[in-house]
Number of protein chains: 4
Amino acid sequence: MYSFMNDYSEGAHPRVLELLLSSNYEQNIGYGEDIHSERSKEYIRKLIKKPNADIHYIPGGTITNLIVISALLRPHQCVVSADTGHINVHETGAIEATGHKVVSVPTKEGKLTPQAIQTVLDYHSDEHMVQPKMVYISNSTELGTIYTKSELVAIADICMKNQLLLYLDGARIGTALMAKENDLTLEDIANLVDIFYIGGTKNGALLGEALVICKDYLKEDFRYLIKQRGALMAKGFVMGIQFEALFQDDLFFRLAGHANKMAERIARALKEKGYSFYVEPCTNQLFPILPYHTLEQLAKNFNFSIQEKINEDKTVIRLVTSWATSQDGVDSLIEFLSNIKENNRS
Amino acid sequence: MYSFMNDYSEGAHPRVLELLLSSNYEQNIGYGEDIHSERSKEYIRKLIKKPNADIHYIPGGTITNLIVISALLRPHQCVVSADTGHINVHETGAIEATGHKVVSVPTKEGKLTPQAIQTVLDYHSDEHMVQPKMVYISNSTELGTIYTKSELVAIADICMKNQLLLYLDGARIGTALMAKENDLTLEDIANLVDIFYIGGTKNGALLGEALVICKDYLKEDFRYLIKQRGALMAKGFVMGIQFEALFQDDLFFRLAGHANKMAERIARALKEKGYSFYVEPCTNQLFPILPYHTLEQLAKNFNFSIQEKINEDKTVIRLVTSWATSQDGVDSLIEFLSNIKENNRS
Amino acid sequence: MYSFMNDYSEGAHPRVLELLLSSNYEQNIGYGEDIHSERSKEYIRKLIKKPNADIHYIPGGTITNLIVISALLRPHQCVVSADTGHINVHETGAIEATGHKVVSVPTKEGKLTPQAIQTVLDYHSDEHMVQPKMVYISNSTELGTIYTKSELVAIADICMKNQLLLYLDGARIGTALMAKENDLTLEDIANLVDIFYIGGTKNGALLGEALVICKDYLKEDFRYLIKQRGALMAKGFVMGIQFEALFQDDLFFRLAGHANKMAERIARALKEKGYSFYVEPCTNQLFPILPYHTLEQLAKNFNFSIQEKINEDKTVIRLVTSWATSQDGVDSLIEFLSNIKENNRS
Amino acid sequence: MYSFMNDYSEGAHPRVLELLLSSNYEQNIGYGEDIHSERSKEYIRKLIKKPNADIHYIPGGTITNLIVISALLRPHQCVVSADTGHINVHETGAIEATGHKVVSVPTKEGKLTPQAIQTVLDYHSDEHMVQPKMVYISNSTELGTIYTKSELVAIADICMKNQLLLYLDGARIGTALMAKENDLTLEDIANLVDIFYIGGTKNGALLGEALVICKDYLKEDFRYLIKQRGALMAKGFVMGIQFEALFQDDLFFRLAGHANKMAERIARALKEKGYSFYVEPCTNQLFPILPYHTLEQLAKNFNFSIQEKINEDKTVIRLVTSWATSQDGVDSLIEFLSNIKENNRS
């Protein structure tokens, strides 16, 4: 039964594994101070044209988020997030556990806007309320949507005007940058936000996220903060090696491109069959609305997750592709869809 | 230049890598609910004869420590540790960052005693002081020493009498159990402590520690707590697979045995040359006391760390071996030692 | 200029001050273990018919809230609150600072319902989200409304069924119990909730809240937790004496009754002049909707706060009365209202 | 039975109570923004000759300590304290509960030294350990000793050189400044430390400490931080009024002088009887060493606390005087001592 459950079902891209194997018996320095980590950071620094950017490898997205937010806020300050933001919903209160409120705002398609941020600023007027100090966005978002350059510029503007830090969660930054509608480069992002991370776990690595600190004044003592939260890995080189494989050429981007392409094929097939979408497809996450009959049949043949039940008959599901999604898997899904017979399509 | 700097310089044992490779394209369930995780947990449960033990894979030691301690203590409760304990010294205040005081006591050779624990209990008499609720020990300790069965029984006894939880940090549990002087089994440990972890990072894995919860009443909601601290890995199967390779037979123990054997050869050579030790050698960490002249020469040929400067001429260094330490590396060190000429041996 | 800004503008009721004076040179035991604290607790225990209730005096409402919530929740658990709840809005993230998420739900007139609680329970389905474990309500609420007995019973029921703790913030419990529409007694509340507090600061004391723990299994170690948060006052007897004065007879209730009566007179006058209310008046907080013209004139003669601007012309203000509100103050407000001439009343 | 248990057994000085009474029906602004708070702050600012110092009234010492330390440290930073420091021993882990390690050093007579601070700095060398960022001292100390001007200058120097913040806990600053051996003024302290507090609770007030922030760059957002920890009192004027009474003339200092004088009389009588002291008497806390026989008799007639049992026969007790200690109380103690007959004096 082929799975479209998520983009972290398989191991790592073969080239990532090859480099792990070929360097296995090297004696590397611990805690990320090895040559592979350094080399891969250089690749990323060149890509974003920031030779002085600080980069740290951290094993997962949630722990990256909690390190960044707790490192940069004072106790009374909060982070502003879309209500669908990962930190607001799916991190078991990880941010609050470090002492900070996540102030969430309702959003359309998972994207924060300057207007929404302004509303939060207007509301938080005095010392009886938390003080907004950081804006958290994800790209691509939890709903698979992406920010355009002008949208990101507008958010960066309101942040700068109000001395808010802008943090971009790039767990799926690869698919965002490889989306057809995208007009941002990794360099643009590094110029517009204060700090962001490049997700490896969901794009070809066994594990690992590359936290990029773009602004000098935010760099201080991050290794202390990473260590304190338990994310300074003894074998940091295990992540360094993987990012070396992903960024020594354009592998990282090709993998994300593949994920998007597989999703696009599925989306086209769904549209041809007349299904509508909860959110217009854009990257590697698809949210088609299925009638109960179809849902039932699909579940017998494929793995995926339920996003939301709209009513008795209509359900939003989530289909996710990845660097590892096979043409065969996609073909079988498309074939399955073409054979479905039903009257009441959504 | 061969390195005896630590036991996390190399990657993973070949058999661990092989299983990662051969299962790379499987579509596994995320967040540690995959079959490899389940299978490897069964191996461990059988070994400790606790079919109901809960086991969780966590990427590193510090984060395991902070999860366990913050999961099981109420806000006003503290954990008692040897002054040399990893949580007291080398985790950048990770435990305090979750809100709990580490009450440390001076110890001999890194080992906690019932007497030391009793002193802490006697001192903490009322609500103006933190309340001792957990005892933290490591085995093997940060100084390479181990607990005998009678010592561990005595600590477990005082804990039980005083309703203290007993937590064993097993970052180097392999070398402890394979030490010549050891009379404990993994099963004994599981019977005597409330919760412990089996260290993979320092004994053959790329990363990963197996947290074992021995008591039923401590199990509740641990997956929430692991997630909240950012340690519920999306690709949890990456750790499951590695522990499968380590525990499907006795590989885990053989690797630790190798590390000890290599250390023993070095220790013997050092003793033959007349060097004394800060702590009597027992497992894979050696703490010889070297005169300045020797230290200087050694540093030109090998990597190791300085533990403590005793005086102008005497320095305690730390030499560490691991599953990956080669016979050649050890031979070269022994040969180097045999060629040293000096009058003022320690 | 008379102030209706809040119910903490004046000092303490004369009888409270008298007892402070007459006992001033007694040598009392510190940290709340004095005879005045004990005597006053006995008064309260009798009133609620719970001879074994634990009662602790704490200097303020926010610190009481953060102590209770952090004392009773494990790290991954959250508290459910109305969106208007004091802990959600006006405590500068005090609850989050202890590590816990406040999950808020939209409410009508500041009151939580079983339906709203059920929605939260349904949504929080697995370990990737925080776990609801406590329900927070205030009575009277931040909008001056109160819970009826049947409403509180219904909330207590859903809490019991789902093993949720029920905590009632009684900063204004006096005015709630003395409201005309009220059908609850203090004893009822003590039977229905797990833990609550009786607000002294806003009802006749210089400072102080009486935290009442109704359930035995929740009592353990609260003095540690109060001390840790800095709320175990050296001169705890200062609060004990005040509660003694308030509860040795029905002074506490009479003071709240006075506040309500003053509010009622104002509400009647406002209604007679044709003003509508944001929330129907019930206790000592009134939320009339005023046209801009009236607002402007009122502000020149009285102190009050702006609750919300509805549109160009309509503004919700908040008028608060207290035990100290004078008949003269109220008369002058009513007279002022009767002289206002305007066409566009809200 | 007269009590020398502590300096917080009685209420407030009559002049403090008088001002509370005479201003009781004023309608004051809440949260410390009233005229009494402002006036009393002006008195203090003049005294320390710092017209721009920020001053905040906070209800108790522990909560002041935890606010200051958590406000000014980043998560990975620690505070250095004498092992006898209040934050290290008697605050139930309040500092750790905000996330910070207290690194304690053994001290002589409760006083920290530059040497001890340097040792901590030398030891904490990298990101695997917490980072020292603040030094905490108390004056007078928990053992009744005081810092001389040259000692405080030396500590301020090492702090400045190492970018450590210097925080002085002044719970008993009154008795320190009025000690015979003292050569510091309040102005000196304000010039030498970065932040300190003036203790009201133990020197004439019902409750309240005045936190003084001497350095501009440390002032930002303190009202948020005070509110978040639950210490921004609704009736902040209750503290403002008391400090107004204490500082409108030299009452604060006279009260501390009285406490010292009463202690001096007792100390002299003890010395005349041949008793030795654990720490040489200096302020209002005395630590005489008593033989068991005397201890037993004394305990039948007076209240005091046991500091430490030295051996079978010798015990260190603590006798504390205050602004409220009566001549009669002291006379009775002296008379009692003069009647004791024993051979084995310590």
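Anything mentioned here points back to the structure above.
Everything in this summary refers to the structure shown in the same document. Owing to the predicted nature of the structure, the values given are computational and were not obtained by experimental measurement.

1. Digging into the interface of chain C and chain A
With 16 residues of chain C at the contact, the number on the chain A side is 16 residues. Its residues placed into classes, the side of chain C that touches chain A shows six nonpolar, seven polar and three charged.

2. Focus: the packing of helix H6 (residues 114-123) of chain D against helix H7 (residues 149-161) of chain D
Residues and elements named next belong to chain D. Where H6 contacts H7, the axes come no closer than 9 Å and their chain directions differ by 20 degrees. One element, H6, and the other, H7, form an angle in the roughly parallel class. Every pair of crossing elements has a handedness; the one defined by H6 and H7 is right-handed. Residues Pro-114, Ile-117 and Gln-118 of H6 form the contact with H7, whose participating residues are Ala-154, Ile-155 and Ile-158. Each residue belonging to the contact of H6 with H7 can be placed in one class, and the counts come to five nonpolar, one polar and no charged.

3. A word on the relation of the copies chain B and chain A
Relative to chain A, chain B is turned by 180 degrees and slid 0.0 Å along the rotation axis, the superposed coordinates differing by an RMSD of 0.0 Å. Put plainly, the chains are arranged around a two-fold axis. Counting the interface residues of chain B, we find that 100% of their copies in chain A are interface residues as well, pointing to one common contact surface.

4. Focus on helix H3 (residues 61-72) of chain C
Here H3 of chain C contains twelve residues, and its C-alpha end-to-end distance of 17 Å stays within 8% of the 16 Å for a straight helix at 1.5 Å per residue. Those residues of H3 of chain C that fall on the buried side of the exposure criterion are Gly-61, Thr-62, Ile-63, Thr-64, Asn-65, Leu-66, Ile-67, Val-68, Ile-69, Ser-70, Ala-71 and Leu-72 of chain C.

5. Overview of the packing of helix H2 (residues 35-48) of chain B against helix H11 (residues 237-247) of chain B
Residues and elements named next belong to chain B. Relative orientation of the contacting elements H2 and H11 amounts to 35 degrees, with a least axis distance of 7 Å. Viewed along their axes, H2 and H11 form a crossing whose handedness is left-handed. Residue-level contacts link His-36, Ser-37, Arg-39, Ser-40, Tyr-43 and Ile-44 of H2 to Phe-237, Gly-240, Ile-241, Phe-243, Glu-244 and Phe-247 of H11. Class assignment for the residues of the contact of H2 with H11 results in six nonpolar, four polar and two charged.

6. Remarks on the environment of Ile-155 of chain A
Residues and elements named next belong to chain A. Its place among the elements puts Ile-155 in helix H7 (residues 149-161). For Ile-155, a count of 24 C-beta atoms within 10 Å puts it in the buried group. For the pair Ile-155 and Ile-137, spaced 18 residues apart in the sequence, the C-alpha separation amounts to 9.6 Å. Excluding its chain neighbours within four sequence positions, the residues that come into contact with Ile-155 are Leu-112, Pro-114, Val-135, Ile-137 and Leu-166.

7. Some points on the nonpolar core
By size, the foremost hydrophobic cluster in this structure holds 226 residues, and its most contacted members are Val-135, Tyr-167 and Val-212 of chain A together with Val-135, Tyr-167 and Val-212 of chain B. Those residues in contact with Val-135 of chain B, other than ones at most four positions away along the chain, are Val-80, Leu-112, Ile-117, Ile-155, Cys-159, Leu-164, Leu-166 and Tyr-167 of chain B. In this structure, Ile-146 and Ile-241 of chain C together with Leu-168 and Leu-333 of chain D belong to the second largest nonpolar core, which totals 224 residues.

8. Here's the deal with the pairing of strand E3 (residues 77-82) of chain C
Residues and elements named next belong to chain C. Taking burial as the measure, the six residues of E3 include six buried ones, the bulk of the element. Neither face of E3 is left uncovered, since the one carrying Gln-77, Val-79 and Ser-81 and the one carrying Cys-78, Val-80 and Ala-82 both have all their residues buried. With five bridges joining them, E3 and strand E5 (residues 131-138) adopt parallel strand pairing. Looking across to E5, one finds that Val-79 is bridged to Met-134.

What counts and how
- Residues numbered from 1 in each chain as written.
- Chains lettered and ligands numbered in written order.
- Predicted model: local features only at pLDDT ≥ 70, side-chain atom pairs only at ≥ 80, totals over all residues.
- Contact = placed C-beta atoms within 7 Å.
- Nonpolar A, V, L, I, M, F, W, Y, C, P; charged D, E, K, R; others polar.
- Axes fitted to C-alpha atoms, helices over the stretch in contact; angles between N-to-C directions.
- Helix = DSSP H or I, 4+ residues; strand = E, 2+ residues; numbered from the N terminus.
- Parallel < 35°, antiparallel > 145°, perpendicular 65-115°, else oblique.
- Left-handed = near helix turned anticlockwise from the far one by under 90°.
- Least-squares fit on C-alpha atoms with pLDDT ≥ 70 in both.
- Expected span 1.5 Å × (residues − 1).
- Buried ≥ 20, exposed ≤ 12 C-beta atoms within 10 Å, placed from the backbone.
- Core = buried A, V, L, I, M, F, W, Y, C linked by C-beta atoms within 7 Å.
- Pairing = 2+ DSSP bridges.

Everything listed is a geometric property; what it means functionally is a separate question.
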